[in-house]
Amino acid sequence: MLHQQWNHPSSTPTPTPTDTASHSVPPDPIISRPNLSGISCEDILHFLQAAGGSISNGGGDTKPNPSSDLNKFEALLGIEKSDENFHKHSLIKHLRKLIDASVGHLLDDQISRLTSDSHDSTVPLIVDRIMTSPEYLNLVAMVADQVRKSVANLNTTESSPQPTNSNSPPKHSHHPHSNIHQHQQQQHPHHNLVLRPFNNSISSHGGFNENYHHSFSTHSNATNDSSSGSLTSSSFMSPPVEEVKLIISNLQSKNALDVRVAAAQKFNLLSIADLLSSEFWADTKLGIELSLADHDVRVSGIGLRVCSKVFKSSPPPMTGELFLILVQHLINVFESGNAPKLGDGLNLSEPRIDLLLRKFRLLLQFQLELPSCWLRFPDQMFCNCLNATYRLLRKPKRAPSSIGALHIISVLDPIAGWFEKWTLSCVGRAQSVASIGKADLAVDLVTSFLTYLSTIPLESGEKFPMSSNVGKLGGNDEVLVMDVEANEDADKGESDDSAEDADRFISSWDLEYMHFCQVLVVLGKLIRGRAGRLCFPVTLDIGGLKWKEGALSEIFGDSKDKVVFTVEMFLQIQVILMCKCRRIGPSKINFDDPKTVSDEKYGALHLSTIICHLLQDLTLTEESSKLVHTNKIVSELINPVKRVVENQTQANVNERILINIAHLLSTIASSESGRKLILRGENAKSHSDSISRKNESKVLQTLIKFVVDSLEGVLQPSPTLSLQVLGAFIFFLRQLYRTCEGVQLLQKYTLHRALTKNMGDSKWFHKWNQVGSIEISRREWETMTIDNLLNFAGTPKGVLLLHESGAMEQCVAHMFHRYQKKMQVSACEKFGYGVLVSQVSVTGPGMKALCKTGLIGSYLKNLWDLLEFDNPLGEPEVEIDDYHSRKMVSSMLKSLSSFSGLSAILEFEEGQPTQGNNSFIHVMHKLLLTDRPITNDPLVTFDESKQIGLRMLSLVTASLDSCILLQSRFRFQESLLKQQEEALVENQEDHDTNEEFVIDENSMMRNKILATTYIIGGPRERLLPQIDAQLYVSQKMTMFSQFPAPSCYTTSFNGICIDVENKDVLMLRQTLLDSSMSQETFYQSVQKHILSINKSMPMMPLRIMNQTIQKLLSMYSSLPLEKAGKLGWTLIMDYSDELPDFPKHLDLNASAAVDLGISMVVRYAKRLLPADRTLNSKRDIIDLLRRVNFLLDPTIHQHSGKVGKQSKPSVSNSMRFTGFDWFTATMFIMNECSIENTLSFLQQFKCFSASCLLWPVRGLHRCLQSKQISMDFNNTIPLSYSCSSYFVELMLEEELPHIFSAFTLSGCTPSQLSNRWIRECFWNVLDFPEIANYIFNTIAFGVDYQVYYCISVLRHLERQILNSTRMGGLIMFLNDGAKVGDALKGFRVDVKVLEYMKELEGRYREVIFSDLTVLNKKA
């Protein structure tokens, strides 16, 4: 900072012509003097005379008084503060150059010697060295000597008579306070050159004594010769009390103008410390009050400056007192009737008007600052401040035609930012409401609002006002800046004054319009809080007011004298104004020029835009949003859209109105309650009501038809209907179709296809881009379209629609581009792209797109950045449990958690010519496997790297299909067993045991993976090991290095009941044999008996279960089409219970992956069923799968027959593994390993539409056959995801919002979990008795119970899910079989759970079955 004060001579700026031509500084010969050796007396004398004349002639346009010359040199006291152009005086510039030339080199030399890093210790040392240097002392002595001589000469000249000059000041005695002070900067006193004499340092004959002060810092102890002194405490002595009293006394209005001006200048010279001291505080307040009230603009302006200066440094209580003084002064101005007339407008060139605006700018700064300190106010002061403010805002009673305080505030702060800040807190809101009520301000505001409203011709469509000779609103930006010193720019010359004066006029129309907007904003922000709404209703007289809009007349009814103004009426009026005031705004706007209307500077003041922002603010809180989320308001908002669709030329709307409507609708749709209002309408109570044709939302029909017709060219572009308008409404629809309920209702309009088709239509784009206020590039429009299409990926059904549109890869590339830049999804979305990535990665096509765009590669690159270590002399430090590592692994797992995604990754990487480091295959070989020797790679020996790889493998293999795929491709089990063998060491203590395992985190993790992937079962059927060394030390768990796994990982639990009789079972048998029952009675009776059996025994016997299923399928096949559709059992092919003739040479040609699945099924069946039932289970399951494949698609046999029986599956064949048929395996075990019974059931079951959901393999084949495409399973989205998982998310968001929010916060999706559960029939999630109940109940009660099962399981896991989300490890928990198993040990679908499912059935069955109906139509 010291260097900034002493600029080097080479860096000193050359004076510009503007500096020398300033109107307030006369020409000075010093400016051209190159000699820097000193300052002459003539130079100083010339400066003092010129400065004294400049001060005496100041004060605006007031003519100088000859008698004022008496005090013109007394006004030099503190000229550095009072003179705006002090720094431009040539003497000051020359003095600065003199300082630079004399001591500048000393400063450079001292800085070059700096060795300490402490600024606090070096700066004072440098200052002291410079102050004690001969160069500095000589300079000070020389300047001081010249100043003394000049002042003495000046006083002698002033004392002698000058008969030749009649205007010379008379001879007078020396005033005791006419000291001439040089400027000392208040904020940085330590680093300024100060040439300041002590008080009373001027002798009686006008000369200086020898005691003057010069110092850089307050702590300097430098001593000087007789011509200088050291800094002592006397330098900071406060002025005498009598002196301050005299200054304040001279400010009174009874004194002459010259006396008041001089006193104001002296008052301004008092330091902040003196002004704020308790000794002078009362005088300070009185002085500010007197000076503000002075009729002279100079005195009042100085008083305003003092008030501003004190405000910047005052503590909270004093701030409140200052605020009250200013507010009370303004109250007196307006209540006295001295305010300008409203009809005359505001001429900002007039000094009084300009000063009034400056006072209000300071008032606004006070208002913005008060909320930060009013909690430290005394209670009464806080109330007084708000009471006084709202009293000021009242309409003047004495002069109603005059401008009010609110008119001026509205010009300076059009959006009432001060009021919003005051009402943000509960304290400010409550007191504001109380003060408004006390001041009766609400009545004034409503009266002003209605008065102006009655003059607006909305229906005519003409510009309001009609006159075209209106002034420019705020032509100078200074008027709209809340800065006390905004218009005090000392560097501004006179050349632009005439041009500015022409613009600095505010017409009466603009004043009234801005006042109306201010009233509108204050009322609009007042009703945001519950306390503010207590000010309503307002009863007032409206005699003589007539409404020019028919809709307004309907709101107010037939009342002509009085009206009860309510919040609902106010909101309805706002919406009407927003939708119909297309030509109402500041007079600066040319409504015939779209570019002017869209200009940000004036467009923000458009009435429609202001109201749009107010209504958007109301939607921020749940309570206030209920005011906006009504059918009346939404219906009124779409009326302009209807008019545009019906008749574009006579719609009486413009582009700005339509854009504001779209923005408001987007804000409404971004909240849950608003979205339900738009999708369901006000009469629909549930989602099932909204899908009915009768109750379908008319709002949604109108808006989606408007957008689709525009995209398809049915509607033609116009200045009203432009690309900006269309883009805004597409963004509104995006808030709907990114949710499950929204995409359900919008899918029939094929918006995704219209967007995709439109994206490549250049002719359509050029046609639409020619109209509207702003043209956009085609690339920008395509980016917007891709971004809108991408948001279809927010739901499983939306992913299907995005896949059908063919824009999957483009959208994923766009997402990756924005994801890399960490950009927000949009203004309305609260979360990033994590959910979209997780949603897309569940499907094969989506994962292929993620791989092609490089997103998966970026995840893998982040993994290597964490693990790679290139220092050969050290060891890496990898903290695998810190936030960064867990987040990196979590991001990978979100993409690899599904079998379809993992299969797509491997297929993509196998198809690449070269596999780089950023591939999943490389990760497997480098971190997990030992089949390939890797040389010169430090990662192989690092336990941390292995641990991360093992954690990833543990969570990926939670899916049985993923486990089978990885085992068939990489043989990871053999590799882990081999590593376990290497962890064996000799036991030195126990000679009975030759070897034991090394127990560390890696060996425990390997043991857990091996046990989890080998042993199949539910939470009570197996005991999975935790990562806890104590379990192995205590030998509760045993490590192993070869299969089979030890028996400690299995339990004796076997809940299967094959054939048990009790009362309820016998009654069910009788019902099955009774053929006299009607179909409906039989169906209800079966369900009743199922509930009874469920209540009396843990599991229904398998045999009665199979008999019931056979009987139910037979009944479903004979139902009428309409009734079958209501139950979800529509026939999609001819029903037949006879098995086809299977070819004798039928062969499965099972790949290694299918063999692994068969082995798992056989091991599980042998644990569940008696030994005599599973003797030939492996042969039987192989034969069963052969025939099932033939049942589903006979063409597969033709292709498989060409492959020899002895052919072994290659790597490419194993990659074609599309998942094991777990539903068939389940039915095989339920039928006690009987091939005939299982095939008979599957033959009948595949004829129904329900089989496409409950039997995933059947659904996948049906999907491929209906679309008539090749059997590319990895390029198809299965129904288990696009339908079943979609309904899981839809119901979860509605029924269990906490769980749905937990998934969203974690960047996961429920479909990742539910898709795996449904695909694998809850294997490894539930015990087999519950799996059998799942199949049986789904067939007996309805296929929609598949979804209700998922919801019930998630409901049971609610506490664990929320805790895992809080800890940041939800994806780890959901894929950890041990933790999920522990949480599900107590889960059973008993009567209570079935009753809960019955409730869900009543609310969602129609929704689910309606989607199946669409599927059937497609088929």
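Because the structure is predicted, anything quoted here is derived from the model rather than measured. (Residues numbered from 1 in each chain as written. Predicted model: local features only at pLDDT ≥ 70, side-chain atom pairs only at ≥ 80, totals over all residues. Heavy atoms only, no water.)

> Where do I start with the nonpolar core in this structure?
When a protein is soluble and globular, its nonpolar side chains tend to lie buried together. In terms of nonpolar packing, the biggest core is built from 393 residues, with Phe 360, Phe 449, Leu 450, Phe 565, Phe 729 and Trp 1323 touching the most fellow members. Ranked by residue count, the leading element in this core is helix H21 (residues 508–526), at 12 residues. When neighbours within four sequence positions are excluded, Leu 450 is seen to be in contact with Leu 540, Ile 542, Leu 545, Trp 547, Phe 556, Val 563 and Phe 565. In terms of nonpolar packing, the next biggest core, distinct from the first, is built from 15 residues, Leu 98, Val 103, Ile 126 and Val 127 among them. (Core = buried A, V, L, I, M, F, W, Y, C linked by side-chain atoms within 4.5 Å. Buried < 20%, exposed > 50% of the residue type's maximum accessible area, 1.4 Å probe, protein only. Helix = DSSP H or I, 4+ residues; strand = E, 2+ residues; numbered from the N terminus. Contact = heavy atoms within 4.5 Å.)

> Just to check I follow, could you spell out the environment of Ser 625 for this structure?
Within the secondary structure, Ser 625 sits in helix H28 (residues 622–628). A sequence separation of 46 residues divides Ser 625 from Ser 671, and the C-alpha atoms of the two residues are 9.1 Å apart. Dropping the residues within four chain positions of it, Ser 625 is found in contact with Leu 618, Thr 619 and Ser 673.

> How do you make sense of the packing of helix H48 (residues 960–970) against helix H56 (residues 1152–1168) when you look at a structure like this?
The geometry of H48 relative to H56 is characterised by a closest axis approach of 9 Å and an angle of 130° between their N-to-C directions. As judged from the angle between their axes, H48 and H56 are oblique. Note that H48 runs across H56; the crossing there is right-handed. The segment H48 lies against H56, with Leu 960, Cys 963, Ile 964, Gln 967 and Ser 968 engaging Ala 1152, Ala 1153, Leu 1156, Gly 1157 and Met 1160. (Axes fitted to C-alpha atoms, helices over the stretch in contact; angles between N-to-C directions. Parallel < 35°, antiparallel > 145°, perpendicular 65-115°, else oblique. Left-handed = near helix turned anticlockwise from the far one by under 90°.)

> Would you mind showing me how to read the confidence of the model for the chain here?
Keep in mind that low pLDDT regions are not for reading the predicted coordinates in detail. Mean pLDDT over the chain works out to 79, with 76% of the residues at or above the 70 mark. Confidence, read as mean pLDDT per element, is least for strand E2 (residues 212–213) in the chain (30) and greatest for helix H68 (residues 1345–1356) (96). In this model, residues 58–71 is a region of pLDDT below 50 whose contacts with residues beyond four sequence positions or in other chains number 17 contacts. Here residues 465–500 is modelled with pLDDT under 50, and outside its nearest four sequence neighbours on either side it reaches 69 contacts, counting other chains as well. (pLDDT = per-residue confidence, 0-100.)

> I keep staring at the packing of aromatic side chains and nothing clicks. Help me out?
Between two aromatic rings, the relevant description is the distance of the centres plus the angle of the planes. Within the structure shown, the criterion is met by 47 aromatic pairs. A ring pair is formed by Phe 899 and Phe 1217, whose centres lie 5.6 Å apart and whose planes are at 75°; its orientation type is edge-to-face. With Phe 899 in helix H45 (residues 899–910) and Phe 1217 in the loop between helix H59 (1211–1215) and helix H60 (1222–1230), the pair connects residues that are 318 residues apart, well separated along the chain. Judged on exposure class, the residue Phe 899 and its partner Phe 1217 are both buried. Here the aromatic cluster, defined as three or more aromatic residues joined through ring pairs, consists of Phe 311, Phe 323, Phe 366, Trp 374, Phe 382, Tyr 390, Trp 418, Phe 419 and Trp 422. When the ring centre of Tyr 1396 is taken as origin, the NZ or CZ atom of Arg 1355, which lies over that ring, is 3.9 Å away. (Phe/Tyr/Trp six-rings, centres within 6.5 Å; stacked < 30°, edge-to-face > 60°. Lys NZ or Arg CZ within 6 Å of the ring centre and 35° of its normal.)

> I tried to follow the packing of H48 against helix H49 (residues 972–982) on my own but got confused; where do I start?
The angle between the axes and the distance between the axes are what describe a pair of packed helices. In the contact formed by H48 and H49, the axes pass within 7 Å of each other and the chain directions differ by 75°. Regarding the angle of H48 to H49, the classification is roughly perpendicular. Contacts between H48 and H49 pair Cys 963, Leu 966, Gln 967 and Phe 970 from the former with Phe 972, Gln 973 and Glu 974 from the latter. For the contact of H48 with H49, the per-class residue count stands at 4 nonpolar, 2 polar and 1 charged. (Nonpolar A, V, L, I, M, F, W, Y, C, P; charged D, E, K, R; others polar.)

> Any chance you could explain the pattern of salt bridges here in plain terms?
Two side chains of opposite charge can pair, provided their charged atoms sit close to one another. The tally for this structure, following the rule as stated, stands at 39 salt bridges. For the salt bridge of Glu 1294 with Lys 676, the shortest nitrogen-to-oxygen distance reads 3.3 Å. Residue Glu 1294 is found in helix H64 (residues 1279–1295), and its partner Lys 676 is found in helix H31 (residues 672–680); the two are separated by 618 residues along the sequence. Given the relative accessible area of 29%, Glu 1294 is considered partly exposed. (Salt bridge = Lys/Arg side-chain N within 4 Å of Asp/Glu carboxyl O.)

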